[in-house]
Protein chains: 2
Amino acid sequence: MNKVLNHKSLKQTDQVVFNNFISKYSNKEIVVVQGLGFVGSVMSLVCANAINGSYAVIGVEVSTNRGEKITKDLNNGIFPLVAEDPKIDQLFEKSIEQGNFFATTETDAYKVADIIIIDINLDVEKENLTSGALIDYNVDLSSFKKAIVSIGENCKEDALILVETTVPPGSCMKVVKPIIHDCLRKRNLPLDKIRIGHSYERVMPGPNYIDSIQNFYRVYSGIDEKSADALESFLHTIIRTDEYPLTRLGNTNATEMAKVLENSYRAMNIAFMVEWSRFAEEADVDLYEVVNAIRFRSTHANLMYPGIGVGGYCLTKDALLASWSRQNLIGQNESLSQSEKAIDINDQMPRFAFEFLQKHYQNLSGAKVLLLGISYRGDVGDTRYSPVEKLYDYLSEIGAIITCHDPYIKFWEEESLEIDQDLNTHVSSSPDIIIISTGHTIYKNQNTIDALFNLGSSFIYDTIGLLSAEQIAHLKEKHTIKVLGRGDL
Amino acid sequence: MNKVLNHKSLKQTDQVVFNNFISKYSNKEIVVVQGLGFVGSVMSLVCANAINGSYAVIGVEVSTNRGEKITKDLNNGIFPLVAEDPKIDQLFEKSIEQGNFFATTETDAYKVADIIIIDINLDVEKENLTSGALIDYNVDLSSFKKAIVSIGENCKEDALILVETTVPPGSCMKVVKPIIHDCLRKRNLPLDKIRIGHSYERVMPGPNYIDSIQNFYRVYSGIDEKSADALESFLHTIIRTDEYPLTRLGNTNATEMAKVLENSYRAMNIAFMVEWSRFAEEADVDLYEVVNAIRFRSTHANLMYPGIGVGGYCLTKDALLASWSRQNLIGQNESLSQSEKAIDINDQMPRFAFEFLQKHYQNLSGAKVLLLGISYRGDVGDTRYSPVEKLYDYLSEIGAIITCHDPYIKFWEEESLEIDQDLNTHVSSSPDIIIISTGHTIYKNQNTIDALFNLGSSFIYDTIGLLSAEQIAHLKEKHTIKVLGRGDL
């Protein structure tokens, strides 16, 4: 789906393009987006196609091989990620037509920026046992700080700096502001004109990617009143705030905390079900049935269903950012123990999923296993921290012969695997075990169910409750079916 | 509010009343409710005033002093609990008029019962440190088993036994059924006519007490198909199932699990906020503001606000019943660690609330402290496991001079304290510190706020976020205000 679009600046060198771009847009406000990953690349499109503004947008990546490739691809009309949302291609094409979006690895970009949006990663290094149990973790702010320095050394004295990166609470006041002020001081520039604010994205990769930025509620704050005001004005230009009003919080600690609290809460709700689904299996209880019986209570409407575990960039780490902050940045030396525990439990889920299979299928060594889906989430081409990766490793270690399908992934980076996207090829190879591991819509289709039904007798293992009761009844005629979080069917 | 109603059977002895009652209702189905506490007493009223049935109801208590008092009171027109729900008095008066409700400590009652509802307590013995931290706990089934034996030794061979007590999952199949069958065998009675089912109440003491039984969804199951059918028929007669349809689950393990899962989930959500509210205080964040900014997301709509902690009979223990079952009844020797942790964290909350006060008010020894509210929940007269009790103990230990107010409590059993229900007396005694500890509506009234305002300068400590921003602004003119879970105001 990575279409190559006809980009105007295809043949020119970076510096020339950059200079041309700047002079062309001397009369426009310039937005620079730092970091062109899952958030920054799409945020760039949103800014280049602002609702109420007219921005020239420069995306900046670090000058690594990966960074050079991303910027070159972007300038050549290749968007760095595949998503179900057709609006991404539309906005990308529009920005190419308009010519108001350009990607570079040059930090010179910050010199011309009126608004700088920070969308770089801030990772947590986790140390897990083979079982998945979390034994330690560390937050290293050094590359985040470096990125802030590169802004501080170059930015205009009156730039608006918007931190969108998910950071440990306290970062804007204790890291970003001191670094920027320090740089400005060294450059003999005043400190009273710079604006620094925080507003977290709630980007949801998938079919509503763009809408999760443009058409969704935003929470924001500033390091001071003027910063908050400046940020508010900017957000009005890119978000449909008439329908999705903004919420200003009292300080940047509050918005930073809100983001990691949201995700910690979600991670905890998932972890809750991890433990109970194992209890349900032991007690021969269908936990899906139980959850359905409880869910209509408004206080319990967000109970999760059982599943193979949590993946993606945010839910697997944000609680740790928070707990780290409480111990190291806000400085009370106490952890958020329950939120940390959620991460620990979730990290073990793929092993539980594996053990469930082991219990019900005796000889996994040499068994032909087909994994349906490797993304961490349905209808998304995103394998970052996918729980399927761990399951793959356990299966591989025990000697299973594994093939993988995913309609959104051509190459599985974490496992260095080419993925054949033709489902028929996989199914017709007569696997012994079929594991439904990601909730892609395609797997719910009657065609897929029919193809599975027409196989020789197999063991079908639904780790995410994708199959309906009717589909299970149908498939059971020929196959053995097991569902994670369910007693015997 | 404990009205003495004119009961017809006032002067007769128990045995005579019992015999008269039985012969009078020989043509009616007889419901016996075992246990007349917060659930059983109200359940008796609901059955005596069934929507679609016509039952004679006998409430049975154990023959302890307490049991004798409750049954005597009931037969003398005194209902054993005070609640805001006017329907309780109405239904009680109606049952007295009808003469179809009678209380006794005689186990003979089980002999005539067509339906037996088990509403006795099943407690968890917890061992906590002074800090509140949970170090151990135990579930003792012996008195529960004894109660089941007393039924098994007396019940009709075709009685319907409904377990409403919150039990460790597995109890109906592994405890109730074997005991009842054993008793029937010893009595040379057949085993195929008895019906045993489980359906948990979602009783909510307070203004909607009766509705929380009659007008609310029910989940039920049976130890076999016929038991489930019989239970279903009965539930249709006491619950408005046209509006609140019943949900049948696959086995009794499932409904037993559903109940403790519901309450474990709620306890966990509260515990989550306990840790984050301390983090918020440290980071000078107003957590109320943060929760409001997040709550409109449907996946996060049930985020709790900060507070003094959890109380009441269910949320303080149900997760432990579940975890105990997993280790001892279902038998996998693994705990539900996250759910246990929730209880541990919640049990520590009163200490955190105390420490917050200590931090902001230097000399608590000798300080005159007024506690507004001792119930664990607003508009309820229920002090069971109230977190205010622990706070009271910490304050008392440090030498504070404490007075307590609660509009629903005349005598605080746990602390052996008479409670003066006149708020004016308390306020006019010029306390140094006023702690808002329960969310009774009366404390939100303008009259109360005015009375507080008119005091000499005091320290007002809102532990539950009862005061609105406007009220705080108003009170701040004369007083120092601190709110748990909020940075400096």
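The paragraphs below set out a description of the structure included in this document.

1. A word on the relation of the copies chain B and chain A
For step 1, the next point in the chain: Between the two copies, chain B and chain A, the superposition gives an RMSD of 0.0 Å; the rotation angle is 180 degrees and the shift along the axis is 0.0 Å. In symmetry terms, the pair is related by a two-fold rotation axis.
For step 2, the next point in the chain: Interface overlap between copies: 100% of the residues of chain B at the interface are likewise at the interface in chain A, consistent with a symmetric, same-surface contact.

2. Looking at the environment of Ala322(A)
For step 1, the next point in the chain: Structurally, Ala322(A) can be placed in helix H12 (residues 318-328).
For step 2, the next point in the chain: Distance from Ala322(A) to Glu256(A), taken between C-alpha atoms, is 9.1 Å for residues 66 residues apart in sequence.
For step 3, the next point in the chain: With residues up to four places along the chain from it excluded, the contact list for Ala322(A) reads Pro169(A), Val260(A), Leu336(A), Trp276(B) and Phe279(B).

3. Focus: unusual backbone geometry
Glycine aside, residues mostly have negative phi, and peptide bonds are mostly found in the trans state.
For step 1, the next point in the chain: Not every positive phi belongs to a glycine, and Asn188(A) is a case in point at roughly 55 degrees.
For step 2, the next point in the chain: Summarising the element assignment, Asn188(A) is placed in the loop between helix H7 (171-186) and strand E8 (195-199).
For step 3, the next point in the chain: Not every positive phi belongs to a glycine, and Ser416(B) is a case in point at roughly 50 degrees.
For step 4, the next point in the chain: With respect to the helices, strands and loops of the structure, Ser416(B) is situated in the loop between strand E13 (411-412) and strand E14 (417-418).

4. With respect to the packing of helix H16 (residues 446-453) of chain A against helix H17 (residues 469-476) of chain A
All names here are of chain A.
For step 1, the next point in the chain: For the pair H16 and H17, interaxial distance at closest approach is 10 Å and the crossing angle is 25 degrees. Relative to H17, H16 is oriented roughly parallel. In terms of crossing hand, the pair formed by H16 and H17 is right-handed. Across the interface between the two elements, Ile-449, Asp-450, Leu-452 and Phe-453 from H16 touch Gln-471, His-474 and Leu-475 from H17.

5. Quick word on the pattern of salt bridges
For step 1, the next point in the chain: Under the counting rule described, the total for this entry stands at 42 salt bridges over all chains.
For step 2, the next point in the chain: For the salt bridge of Glu262(A) with Arg202(A), the shortest nitrogen-to-oxygen distance reads 2.5 Å. A residue pair is termed long-range when its members are at least 10 positions apart, and Glu262(A) in helix H10 (residues 252-282) and Arg202(A) in the loop between E8 and helix H8 (211-214) qualify at 60 residues. By the burial criterion, Glu262(A) is buried, and Arg202(A) matches it.
For step 3, the next point in the chain: Across the salt bridge formed by Arg326(A) and Glu282(B), the nearest N and O atoms sit 2.7 Å from each other. With Arg326(A) in helix H12 and Glu282(B) in helix H10 (residues 252-282), this residue pair bridges two chains.
For step 4, the next point in the chain: Taken together, the shared-partner salt bridges in this structure form one network comprising Glu225(A), Asp229(A), Glu232(A) and Arg248(A).

Criteria and thresholds
- Residues numbered from 1 in each chain as written.
- Chains lettered and ligands numbered in written order.
- Predicted model: local features only at pLDDT ≥ 70, side-chain atom pairs only at ≥ 80, totals over all residues.
- Heavy atoms only, no water.
- Least-squares fit on C-alpha atoms with pLDDT ≥ 70 in both.
- Contact = heavy atoms within 4.5 Å.
- Helix = DSSP H or I, 4+ residues; strand = E, 2+ residues; numbered from the N terminus.
- Axes fitted to C-alpha atoms, helices over the stretch in contact; angles between N-to-C directions.
- Parallel < 35°, antiparallel > 145°, perpendicular 65-115°, else oblique.
- Left-handed = near helix turned anticlockwise from the far one by under 90°.
- Salt bridge = Lys/Arg side-chain N within 4 Å of Asp/Glu carboxyl O.
- Buried < 20%, exposed > 50% of the residue type's maximum accessible area, 1.4 Å probe, protein only.

No statement about biological role is implied by the geometric values presented.
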